[in-house]
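Listed here are the chains, written in short residue letters.
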Amino acid sequence: MTEAVVITGIGLLSSLGEGIAPHVEAARGARKAVIDFESFAPYPVHPLGTVELDRQIPKKSDQRQMEPWQRIGVYAAGLALDSAGIKGDAEAKDRLHVIVAAGGGERDHAVDGQILTGLKTAANPGVFLNERLLGDLRPTLFLAQLSNLLAGNISIVHGVTGPSRTFMGEEQAGVDAVRVAHARIAAGQAEMLLVGGSYNAERRDMLLLFELGGALLKGAPIPTFSRTPGQDGMVTGSVGAFLVLESAKSAMARGAKVLARLDAVSADRVRRDDGAITRSLVKQFLGHHVEPAGLLVSAAPGLAGAAAEESAALAAVAAGRTPVAVGDLVGHAIEAAFPVAVALAAALLSEGEAASALVTGVGHHRGEGVASLSAA
Amino acid sequence: MMTDVRDAHGRPLVAVTGIGLVTSLGRGKADNWARLTAGQSGIHRITRFPVEGLRTSIAGTVDDLFSQPFAAPELSEKLAMLAADEAVGQAGLGSRGNFPGQLFMAVPPVELEWPQKQVLAGDGAEAVSYDTLLAAAAAHTHRAYHEMFLFGTVADRIADHFGTRGSPISLSTACSSGATAIQMGVEAIRRGETDAALCIGTDGSVHAEALIRFSLLSALSTHNDPPEEASKPFSKNRDGFVMGEGGAALVLESYASARARGAEILGFVLGCGEKGDGFHRTRSSPDGRPAIVAMQDALTDAGLEPYHIDYVNAHGTSTPENDKMEAMSCTAVFGPRMTSLPISSNKSMVGHTLTAAGAVEAVFSLLTIARGRIPPTINYREPDPNIPLDVVPNLARDARVRRVISNSFGFGGQNTCLVFGDGPA
């Protein structure tokens, strides 16, 4: 039993704004990326602009119970539900399955700094740490940090009470979320699924993690596929991206507008020897129907070596063409990078940009994934 | 179409051919089972870090695996490795480093811990901020921290070690994560995507900050003395859960392929049920509906009726709210029979192993079936009049157990129930 899987809802929130329009404009070159070079210098980030949270998260108490990465995700999930026309459908939302790709762990930077300063001179560091954590950690911060609490908040705020799972593991969590969502609908294990992720780039704790691995770009970015070793790295962006996927049958039955078809999704994880990424992608392409004239959309993180391997793989199926690098438009969004790339591809197909699209996602440290879409 | 290798829904039957376990009770399933059914507790005073000033100073930590200080992901990886080694060894599937199936792993969220941040903060006397840490990180002399604190790393290393296929899944559904890992393995086998799955739950994250976070939510027992009596699920004087650590692994296989290779079948995962709860971030719906639906869906998925269940392996955290809600939900599902249907909580002995709990308790459920012995709920001295259930108080009980439902509930409205059996439904 294989059901056709379609996309009936797209929820996008990024530095470009919200909804499909600004993202399609940017992909067409009609809108410039928004980059903040100052706030986290020397690391540029694509910041979230002003968002009227009330429009998707009406209760202030809910807004307060979340950290920014969760608010971004809940907001984008709301947009996707609106787009699919099921926001007000309590029955559909009670059945709606959810797969979220999430990180977590937003720190209280001021508290951490004070504690680290105090630890240097504390007579008994362990006891000092206990005292300060007991006194300074906000009890609710823990919940704002838990990875699965983005899904939990989607459930609370939007009344989505089908089963939810949260995948972790950086970029590949986003690839696997879309892959497993597709597989479950195709196999009849779910009819309708909300899938996506979010990332808050405006956090020094995350910049710290990636800088430890030397994965960040400093200074003014040049396009992802033009970066060279030593001048490369990730430019992260605050992004929320969710999709409503459903079986074609379900979409037809409820008269939903199909934005695009999600034909196939694959994922792999190889040891990163020379050429391994290229081999992985080329092998995965065999499971996709790739049209040479189709749209190419890449979730590349911005590392030169990985980008070169990705290019080499794409050259084998669509020679001479450079993909739309989503990271150049909204920044690299880690767990949300693949979902936002698939969402953008679907948005472009729904706007008649092409008949099909091939989306590639190569993680900055691990994981490779591919999705193929076609116009409705 | 039910055949001998497919279930009532026409899907491939999923057999368990290997299990492995590490908890505060010991290493390996034999050791764990002996101590669990003897009613022994693995809860003890914490020695890993100073507990001065903390309201809770006990936990079911797994100690003695490292001779040097370690981070939570390192212990989580080690626990997963030990459990998976036992499970894969028992299953005898594939060859060393070449496991012919996918990996589904419940892993705790990770982040840079205090010792690493202290290294980056340096020795100078100046005030520390994240810019200090970033400047130190920019020297790229601590690259190992990057990989260590990526969420995907524990699963990555397990995948490399055992040679699992495809893209490993790292997942979290809070305290039901271990059950979700098993459920995802079942689903992948039912889809025909893989013939085998290695499903693991692991959690080695008892450190000061983790304990303090739960403590600030008033979720932990403060009955520190004696430690082994702190976790008292279903008792009137229960006052919170006790953090535990552990790793559990299951090798799942399509029954068709397990039978074809003549593997010993340890049991079956007959059904899975799952329901979200939008009521509150930490509290369950007062009517218990999500937990009820999750149990009912698991039974339906298994093609069973409530009367087919011989034993409930409870989530049973020992928090006032969970145990009350769970008892009420079970009564709603099983009806008047619930007063005599045995229900017990492994957490009374191993504590709440959090991310690992669903997998740890799956292993105990399968052992309960295989050995015909129901592990007790220990520390049951003050019955809660509002929970008039047979909690298998204090002493293990011999019984023929053919089918078990194992409950896992988590923060964020996660409810996952699994049904295990000795044979196809």
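Residues numbered from 1 in each chain as written. Chains lettered and ligands numbered in written order. Predicted model: local features only at pLDDT ≥ 70, side-chain atom pairs only at ≥ 80, totals over all residues. Heavy atoms only, no water.

**Quick look at the overall build of chain A**
Looking only at helices and strands, chain A features 15 helices and 11 strands. Compactness check: chain A gives a C-alpha radius of gyration of 20 Å against a globular reference of 21 Å for 376 residues, within 12% of the reference. Expressed as lengths along the three principal axes of its C-alpha atoms, the size of chain A is roughly 65 × 50 × 35 Å. A burial count over chain A gives 65% of its 376 residues as buried. In chain A, the proportion of contacts linking residues at least 24 apart, taken out of those at least 6 apart, comes to 79%. (Helix = DSSP H or I, 4+ residues; strand = E, 2+ residues; numbered from the N terminus. Rg over C-alpha atoms; globule rule 2.2 N^0.38 Å. Buried < 20%, exposed > 50% of the residue type's maximum accessible area, 1.4 Å probe, protein only. Contact = heavy atoms within 4.5 Å.)

**Here's the deal with the overall build of chain B**
The secondary structure content of chain B amounts to 13 helices and 15 strands. Relative to the compact-globule value of 22 Å for 425 residues, chain B shows a C-alpha radius of gyration of 21 Å, a close match. By residue count, 67% of the 425 residues in chain B fall in the buried class. Of the charged side chains in chain B, 36 are positive and 46 negative; the average position of the first set lies 4 Å away from that of the second. (Lys, Arg positive; Asp, Glu negative; His and termini not counted. Charge placed at Lys NZ, Arg CZ, Asp CG, Glu CD.)

**A short note on the interface of chain A and chain B**
Listed by partner, the interface residues are 73 residues for chain A and 75 residues for chain B. The junction of chain A with chain B conceals about 6800 Å² of combined surface from both sides, 60% of it contributed by carbon and sulfur atoms. Among the residues of chain A in contact with chain B, M168, L212 and R269 of chain A are the three that bury the most area, contributing 11% of the side total. The salt bridge involving R107 of chain A is made with E209 of chain B; its shortest N-O contact spans 2.8 Å. Applying the counting rule to chain A against chain B returns 40 residue pairs in polar contact (both at pLDDT 80 or more). Looking at the side of chain A that touches chain B, the elements that each hand over two or more residues are helix 5 (109-119), helix 6 (125-136), helix 7 (141-145), helix 8 (149-158), strand 4 (164-168), helix 9 (170-186), helix 10 (204-212) and strand 7 (260-268) of chain A. Split into classes, the residues belonging to the side of chain A that touches chain B amount to 28 nonpolar, 27 polar and 18 charged. Of the strand pairs in this sheet, strand 4 of chain A and strand 6 (residues 165-172) of chain B are connected by 3 bridges, and their pairing is antiparallel. (Buried area = accessible area lost by both parts, 1.4 Å probe. Salt bridge = Lys/Arg side-chain N within 4 Å of Asp/Glu carboxyl O. Polar contact = N/O pair within 3.5 Å; in protein donor to acceptor, adjacent residues only side chain to side chain. Nonpolar A, V, L, I, M, F, W, Y, C, P; charged D, E, K, R; others polar. Pairing = 2+ DSSP bridges.)

**Comments concerning the nonpolar core**
F210, L262 and L373 of chain A together with L198, M243, L250 and L252 of chain B are the most contacted members of the largest nonpolar core, which has 189 residues in total. With sequence-adjacent residues up to four places away left out, M243 of chain B is seen in contact with A59, G60, S205, V206, A210, L211, F214, L220, H352 and L354 of chain B. (Core = buried A, V, L, I, M, F, W, Y, C linked by side-chain atoms within 4.5 Å.)

**A look at the packing of helix 7 (residues 177-190) of chain B against helix 13 (residues 357-371) of chain B**
Residue and element names in this part refer to chain B. With their axes 4 Å apart at the nearest point, helix 7 and helix 13 run at an angle of 70° to one another. By the angle between their directions, the pair helix 7 and helix 13 is classed as roughly perpendicular. For the pair formed by helix 7 and helix 13, the contact residues are G178, A179 and I182 on the first element and G358, A359 and A362 on the second. Residues that form the contact of helix 7 with helix 13 fall into these classes: 4 nonpolar, 2 polar and no charged. (Axes fitted to C-alpha atoms, helices over the stretch in contact; angles between N-to-C directions. Parallel < 35°, antiparallel > 145°, perpendicular 65-115°, else oblique.)

**Comments concerning the pattern of salt bridges**
All names here are of chain A. Following the criterion strictly, the structure yields 52 salt bridges over all chains and no others. The residue R55 makes a salt bridge to E18 at a minimum N-O spacing of 3.1 Å. Within this pair, whereas R55 is found in the loop between helix 1 (20-27) and helix 2 (60-64), its partner E18 is found in strand 2 (residues 17-18), the two being separated by 37 residues in sequence. R203 serves as the salt-bridge partner of D205, at 2.9 Å between the closest nitrogen and oxygen. When its relative accessible area of 8% is taken as the criterion, D205 is described as buried. Since its relative accessible area comes to 3%, R203 is described here as buried.

**Looking at the layout of surface pockets**
Residue and element names in this part refer to chain B. Of the voids in this model, the second largest pocket is the one considered here, and its volume is about 970 Å³. Per element, the largest residue contribution to the lining of the second largest pocket is 5 residues, and it comes from helix 10 (residues 289-302). The residue inventory of the lining of the second largest pocket, partitioned by class, reads 12 nonpolar, 8 polar and 15 charged. (1 Å grid on protein atoms, 1.4 Å probe; cavity = no way out; pocket = protein on both sides within 12 Å on 5 of 7 lines; lining within 4 Å. Points joined across faces, edges and corners; volume = space filled by probe spheres on them.)

**Considerations on the domain arrangement of chain A**
Residue and element names in this part refer to chain A. Looking at chain A, the domain boundaries give domain 1 (5-105 + 146-375) and domain 2 (109-142). Listed by partner, the interface residues are 6 residues for domain 1 and 5 residues for domain 2. Summing both sides of the interface, domain 1 and domain 2 together bury roughly 420 Å²; the carbon and sulfur share of this comes to 52%. In terms of surface lost to domain 2, no three residues of domain 1 exceed Q65, E67 and L146, which account for 71% of the buried area on that side. Scanning the region where domain 1 abuts domain 2 turns up 1 salt bridge. The salt bridge partner of E67 is R138, with a shortest N-O separation of 3.2 Å. Summed over the shared surface of domain 1 and domain 2, the number is 3 residue pairs in polar contact (both at pLDDT 80 or more). Taken together, the residues that form the side of domain 1 that touches domain 2 break down as 1 nonpolar, 1 polar and 4 charged. (Domains from an automatic or database assignment.)

**Regarding the side chain of D323 of chain B**
All names here are of chain B. Inspection of the secondary structure assignment puts D323 in helix 11 (residues 320-334). Given a relative accessible area of 0%, D323 falls into the buried group. The contacts of D323, once residues within four sequence positions are left out, are P233, F234, R238, G316, T317, S318 and I387.

**What about the packing of aromatic side chains?**
Residues and elements named next belong to chain B. Enumeration according to the criterion identifies 4 aromatic pairs over all chains in this entry. Centroid distance F66 to F70: 4.7 Å. Interplanar angle 25°. Geometry classified as stacked. Between Y255 and F268 the ring centres are 4.9 Å apart and the planes differ by 75°, which places this aromatic pair in the edge-to-face class. Taken together, the residues span a long stretch of sequence, with Y255 in helix 9 (residues 255-260) and F268 in strand 9 (residues 267-276) at a distance of 13 residues. Accessibility assignment for this pair places Y255 and F268 in one class, buried. (Phe/Tyr/Trp six-rings, centres within 6.5 Å; stacked < 30°, edge-to-face > 60°.)

**Observations regarding helix 3 (residues 68-84) of chain A**
Helix length check: helix 3 of chain A (17 residues) gives 24 Å between terminal C-alpha atoms against 24 Å at 1.5 Å per residue, within 8%. Where helix 3 of chain A terminates, the next one or two residues include G85 of chain A, which has phi positive at roughly 75°. (Expected span 1.5 Å × (residues − 1).)

**Here's the deal with the confidence of the model for chain B**
The predicted model of chain B averages 96 in pLDDT, with 100% of residues at 70 or higher. The complex prediction reports pTM at 0.98, with the ipTM value standing at 0.97. (pLDDT = per-residue confidence, 0-100.)

**Details of helix 10 of chain A**
In terms of burial, helix 10 of chain A is a largely internal element, 8 of the 9 residues being buried. All of the buried residues along helix 10 of chain A are D205, M206, L207, L208, L209, F210, E211 and L212 of chain A. In this structure, the buried residues of helix 10 of chain A make contact with helix 5 and strand 5 (192-199) of chain A together with helix 3 (114-121), helix 4 (130-137) and helix 5 (143-148) of chain B. Once helix 10 of chain A ends, the next one or two residues include G214 of chain A, with phi positive near 65°.

**Some details on empty space enclosed by the protein**
The method is simple in principle: a probe with the dimensions of a water molecule rolls over the atoms, and the space it marks as empty is what remains. Considering all chains together, one arrives at 6 cavities of 30 Å³ or more under this definition. Estimated volume of the largest cavity: approximately 150 Å³. In terms of lining residues, the largest cavity is bounded by 15 residues, among which G105, D205 and M206 of chain A together with E111 and L112 of chain B are the most central. Here the element with the most residues in the lining of the largest cavity is helix 10 of chain A; it accounts for 4 residues.

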